[in-house]
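Structural overview for review
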Amino acid sequence: MTSPLAAAHDLDSFRAAIRDWLPGAIPADWKGRIRRESEEGYLAVQREWYRAQTEAGLATAHWPRDWGGADLSLAAQVVLYEEMARADAPNTDLFTVSLYHMPATLFAYGTPEQRARYLEGVRTGGDIWCQGFSEPGAGSDLASLRTRADRRGDVYVVNGQKIWSSYGVFANYCLLLARTNQEAARKHDGISYFILDMKSPGLTVKPIRQITGEAEFAEIFFDDVEIPVENLIGAENEGWRIAQSTLTAERGLLIFENSERLVHAVRRDAARYRDLFARDPAKAAAFAGFYPRVRALKHMVGELLAQLERDPHAGGEIATYIKLYWATLLQDYNGFTARLDGLDALIEAEPLRCAGQTPDDTMYAFLKSYSWTVAGGSNEIMRNVIAERLLGLPR
Amino acid sequence: MTSPLAAAHDLDSFRAAIRDWLPGAIPADWKGRIRRESEEGYLAVQREWYRAQTEAGLATAHWPRDWGGADLSLAAQVVLYEEMARADAPNTDLFTVSLYHMPATLFAYGTPEQRARYLEGVRTGGDIWCQGFSEPGAGSDLASLRTRADRRGDVYVVNGQKIWSSYGVFANYCLLLARTNQEAARKHDGISYFILDMKSPGLTVKPIRQITGEAEFAEIFFDDVEIPVENLIGAENEGWRIAQSTLTAERGLLIFENSERLVHAVRRDAARYRDLFARDPAKAAAFAGFYPRVRALKHMVGELLAQLERDPHAGGEIATYIKLYWATLLQDYNGFTARLDGLDALIEAEPLRCAGQTPDDTMYAFLKSYSWTVAGGSNEIMRNVIAERLLGLPR
Amino acid sequence: MDDLSDIDALKTSFREVLDTEAGTDWALRHFDHVHGMSRPLWDTIVGLGWTALAVPEAHGGLGLGIDALVALYEEAGRVVAPLPLLSTMLAADAIARGAGAVQQADWLPMIAGGTVVAVEPPAPLHSPTLTIARTGDGWRLTGTTRILDAADADRLLHLAIATDGTLHRLLLVADGAERQPLWDHGHTLSDIHYHDRLVPDDAVFPSSPELEDALAVHAALALAAEAVGGCEGLLPLTIEYLKTRHQFGKPIGSFQALKHRIADHRTRLEGDRLLLAAATALAVAGDPRGPSEASAAKALACANYAELARDAIQLHGGIGFTAEHACHLFLKRARLIETLFGDAPVHLARAVRALDLEIAA
Amino acid sequence: MDDLSDIDALKTSFREVLDTEAGTDWALRHFDHVHGMSRPLWDTIVGLGWTALAVPEAHGGLGLGIDALVALYEEAGRVVAPLPLLSTMLAADAIARGAGAVQQADWLPMIAGGTVVAVEPPAPLHSPTLTIARTGDGWRLTGTTRILDAADADRLLHLAIATDGTLHRLLLVADGAERQPLWDHGHTLSDIHYHDRLVPDDAVFPSSPELEDALAVHAALALAAEAVGGCEGLLPLTIEYLKTRHQFGKPIGSFQALKHRIADHRTRLEGDRLLLAAATALAVAGDPRGPSEASAAKALACANYAELARDAIQLHGGIGFTAEHACHLFLKRARLIETLFGDAPVHLARAVRALDLEIAA
């Protein structure tokens, strides 16, 4: 079978090619395997699915041709994600940082050597990357981080602790923020950005079990961990600025994928609860109340993509609204459907990871929704940003 | 007919006596008169109704015998208000300050001359009192008030402006807070409390029209208004403390009356909307959702009264919760019933004043509910008080 | 009129005129004294050709689409304009879609030229209460109906059901309908009674479920747009107040609890806006998903407007509770349009038909 | 046992024991490893006589009323105790109200002494799915039912409908019910199947709508109390976190938006508490308004608990999302008891009967 990329010149043909390709590429019985085999099953599904995408050149198709990608347009990526959501394929969450944040960072700020080595590691080696940003004392107030990296000859020596590192337990590499200047006038100005090999001596990774039963996040402890100076990204003490500018590398696509999956879930739920709604008009009315919010979200995301297509650096404002809108809607919706499911929802199930935010296990989806309301800028932080930065209300 | 007070020694007898007395005492067709005659009708109804209560000794029955009252117990007052709500009698809102705040202040801090004159004026003369507290720049932050009273010989000379004075347009007297010491270290410490004759030269009263169409509030402008020194209440610069200690003089009874009226309204609405609910289960379910809140409010108020019966100075904590609970419930409930009434609710009607907070005109009741969510400590101020003073969260 | 063909330019011109002619101070004065439309403001917009926007070119109009009207409704909503815009434009739409050639030639230029028409809501949003029966010399009309703006209207466009169950629209001269005041002083409501009233053939044209459905889409988009506009007018007013008003030594806009509420309102507005835009685009394209999306937009935008308007008064504190401040104009308009032409249950039921779900309204 | 007769003293003693034996750290360890009850904790409370509280004195109990149980449920809720309290106490209540003298003499001392009983919900809250038919030598039981705590129980108290439509309760030995884990690890759920299972006469006693209604009141008060207790446990935990956790150089409890949410939760809790107290007093007095008030309390307290628990995780930020922090125990319990023994629509429908309103559940 040829890669669907051969048809990428035309969106309709590309869509048709993706539809042909997907059934054979999606790991067979992936939901069953995750349910039966738990984390092992999840990891196996992720790797198989990533390999299938890699073989078709799709995983890194959005990268520039010069670095092994296919310069796939945003519109074509949207088609790809649309079709994956439609086919209920697993998402590739284990590789999010590998496919988006790391390359965006290295494209813009990496050395040729860094690019050659780490991009290839992802493209053909299936390297998993994580981020080392938050700390126990620096969550919403990230810039107050205290993990320090002290230059000693050809290495930086790192001490401290990171937390909330997604997939940190499985990662080969980490994008690390650490303080290199303790005396900087503004706390943002003393931070540098590093490539960290997760096999480095002195480094300990501890999974954090979540309220869903998964351990998607990790704590990372640093005890005199050495990072070679060539692993510094950009200039020393420029880390905050670099990280900020690449944090939103996935902007648009991941939220698009998630919102598409929600749109599909709502359609599926309308069918699933049809009999219940016929018996119970009050529940039907409450369900209907969610529908316009889901439509609005879809169009907000559509607007973000349209802005990004015109300018890859645009969309900051609407992305902020979308984050809050999506997180709130997701928690409300799954909280509601879990109620519709009554006692059934309350039976603990093996988490169906990588199925997007609205799998059939509504209570799991509800619990998991906190990863959107709390992480990546909590709802409260988003509201501060909207009020102060976008609307100019005084601090 | 003898006064129901003759039966006040026993609550059941008192209740029976009140039930006998009410039909003849409530001004005939009072709702019709207010609807037809607007403010004129309202004032006439208030005066007639007050006179009827005065003649039966009921208006001031809660005052001490020494000052012309009947030492009516709180339990008996509750019975009185219960029966008034049950009979859908008008409330006596025009006389609230006259019957509660002014006497509570003078009982505790007034001179014998002040008591003799002003208590009698209310008891037999039907004097109407208002409060002069808020200012355009001092609402939630009342202590920052700037209206000044400067001592010159035997008078204080007042300049400045008050706002949100309830019934200020109709009042004979005003309980006025004004600044007598511009240099006090704490802004609370330079404020004095005065009895102000509303006919004083230099005083201008301007009604404030509300979103309901009424003008219940007034602005008061002071241009070298003279207040005789004998009208100072308590010591100079002690006004803030005095006003705070008597602000809650009506604590319990007014909220009891209002909550009783809400309980009756909900029962009436259950009957009124019966057919609608039979057709529309979603609306019925939403209505039912209010019922437990109404019950909870009723019992919260019951607990406040029980605390006050044990100790007239108790109940501060629960009164704070009640204020927020009541205001929120009232606005939610009337907002909801106005929706149930559809276009009918949107037809403007002559405000049915003094019918409590839940008359049949649901849109009016909804609009009027802001007088609880905004005034007398806005919802926001109540939440601050609860979080900081009651729960100890840091400022 | 070429420069009017660009919707954004049109919208800007609507806004400039309305800001000048119908700003907050003007609105407060109007609403203080009048129940119903502002005739001078109407004359102004008629003079500017706004009432001709969507009238077909053959009948003296500009022949623009619903997207142009949506822009107008939105801007009118921004200033809570006391204008019978939806009534009149919806009537023109009904006539342009369903009336006979002679009727169109008689009526549409009249509307383009400023005749005010009150209209009964489209059938899917409102069960017709008027009935007509054929007689030798025309039709006999009987029944009672309630219409918005009828007291200000020159003509009334009724909806009646014939003895064979078919729907008809009737254009009658408005003869002094009773003026029931609404809490929203920009409109009035009238109960109109007919008993065996003779209506000539030339005042009647057949409607159909399809035509009525198209009108329902028009009405839904119009009120969604008015709601979006209302939020766009009220939110900056409220933000400005929060920046200006000081308590406890700082602007109250620095209090986080108030900020967060504003942030939520603003975020919801973004969703309302984009849903409206999408629904309008579907309607312009004649996409079959249009009716569902328009109703979704109407339900969502009107609910969010009502909630913003409710909270805006609270955020304004005492001043928001006075008739002297514009807050209440928005609240009363928001509550009106939330109910008008189908309330939330009606439109949500229409919206979820896109999910193949039939629920009670 | 005289000193136990005062409910407040009782409540204090419940609290002291549970704080010592079943505090947050203990609970996190238990919930981490077990699905279902804590047998050691159960043994402790049996030893303290808590399971005998409401068992009649004639059968070895203390003969206290529902108010004593409400105090126990509330305190158990405060620590999210993994105990089959409601199951067992409700079974005892059913037996004390409806079983024959010999059955009571057999069963009630056993329950007072620590036998765990799982119980099917009262009929008004749950349509019976088991049927029994009379045979020469007793009854034949058929059907499938779902019961809480059955996997941990020594006995099961079923509800079955006989061929003549009458309701019966059956006490059977629990024989290895399947253990379905719940998100709330303090309980489990079991689907139990019978096919023509022979049940002797002495295991069966007749129930009635009145008896089932009394049990429904018991269940409603129990879960309202558990919800109130849950809020009483979770709110101080959350407030303490807000006082301790610093971000942007200050305790996050100084951020007004968070403060205001806490104030709202605390205010609602006050209403829940007093409604529960009033409903309990009506039940103790046998007042006919009791069932409505108990259901009102259940619906309100459970909804507010679920909302507080939802928000508490948000207020805790990241740490609240980890299994190492107790927040999620409360959330999962709150979601369970919100649904258990009748969800909000069921109890609201019961509540508004006091307004002579019959609505669908």
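Everything below is about the structure shown above.
To start, this report covers the structure provided alongside it. All values derive from a computational prediction rather than experimental measurement.

What about the overall build of chain A?
- Scanning chain A from N- to C-terminus turns up 14 helices and eight strands.
- Whereas a compact globule of 395 residues would reach a radius of gyration of roughly 21 Å, chain A reaches 21 Å, a difference of no more than 12%.
- Projecting the C-alpha coordinates of chain A onto the three principal axes gives extents of approximately 70 × 50 × 45 Å.
- Per-residue burial over chain A gives 61% buried out of 395 residues.
- Long-range pairs, those at least 24 residues apart, make up 72% of the contacts in chain A with a sequence separation of at least 6.
- Just so you have it, chain A exposes about 14,900 Å², and 48% of that area is on carbon and sulfur atoms.
- Separation of charge centres in chain A, based on 44 positive and 53 negative side chains, amounts to 4 Å.

Let's talk about the interface of chain D and chain A
- On the side of chain A, 42 residues touch chain D, which itself brings 39 residues to the contact.
- Summing both sides of the interface, chain D and chain A together bury roughly 3,400 Å²; the carbon and sulfur share of this comes to 58%.
- Among the residues chain D hides against chain A, the three largest losses belong to W183, F321 and R335 of chain D. Together they make up 29% of the total.
- Across the pair R209 of chain A and D32 of chain D runs a salt bridge whose closest N-O atoms are separated by 2.3 Å.
- Counting across the interface, chain D meets chain A through 24 residue pairs in polar contact (both at pLDDT 80 or more).
- Of all the secondary-structure elements, those providing two or more residues to the side of chain D that touches chain A are β6 (180-181), α8 (256-284), α9 (290-316) and α10 (327-339) of chain D.
- The greatest single-element share of the side of chain D that touches chain A, amounting to seven residues, is contributed by α10 of chain D.
- By residue class, the composition of the side of chain D that touches chain A is 17 nonpolar, 12 polar and 10 charged.

Brief notes about unusual backbone geometry
- In this structure, D88 of chain B is a non-glycine residue whose phi angle is positive, near 55°.
- Considering the arrangement of structural elements, one finds D88 of chain B in the loop between α3 (74-86) and α4 (96-109).
- Taking relative accessible area as the criterion, D88 of chain B reaches 27% and is therefore assigned partly exposed.
- The backbone of F248 of chain C shows a phi angle near 55°, a positive value even though the residue is not glycine.
- For F248 of chain C, the position within the fold is in the loop between β9 (246-247) and β10 (250-251).

A look at the environment of R15 of chain A
Residues and elements named next belong to chain A.
- On the secondary structure map, R15 appears in helix α1 (residues 11-25).
- Residue R15 is classed as partly exposed on the basis of its relative accessible area, which comes to 24%.
- Expressed as a C-alpha distance, the spacing of R15 and E83, which sit 68 residues apart in the sequence, is 7.3 Å.
- Each residue touching R15, except ones within four places of it in the same chain, is listed here: V79, E82 and E83.

Quick notes on the rules
Residues numbered from 1 in each chain as written. Chains lettered and ligands numbered in written order. Predicted model: local features only at pLDDT ≥ 70, side-chain atom pairs only at ≥ 80, totals over all residues. Heavy atoms only, no water. Helix = DSSP H or I, 4+ residues; strand = E, 2+ residues; numbered from the N terminus. Rg over C-alpha atoms; globule rule 2.2 N^0.38 Å. Buried < 20%, exposed > 50% of the residue type's maximum accessible area, 1.4 Å probe, protein only. Contact = heavy atoms within 4.5 Å. Areas by Shrake-Rupley, 256 points an atom, 1.4 Å probe, with all protein chains shown as cover. Lys, Arg positive; Asp, Glu negative; His and termini not counted. Charge placed at Lys NZ, Arg CZ, Asp CG, Glu CD. Buried area = accessible area lost by both parts, 1.4 Å probe. Salt bridge = Lys/Arg side-chain N within 4 Å of Asp/Glu carboxyl O. Polar contact = N/O pair within 3.5 Å; in protein donor to acceptor, adjacent residues only side chain to side chain. Nonpolar A, V, L, I, M, F, W, Y, C, P; charged D, E, K, R; others polar.

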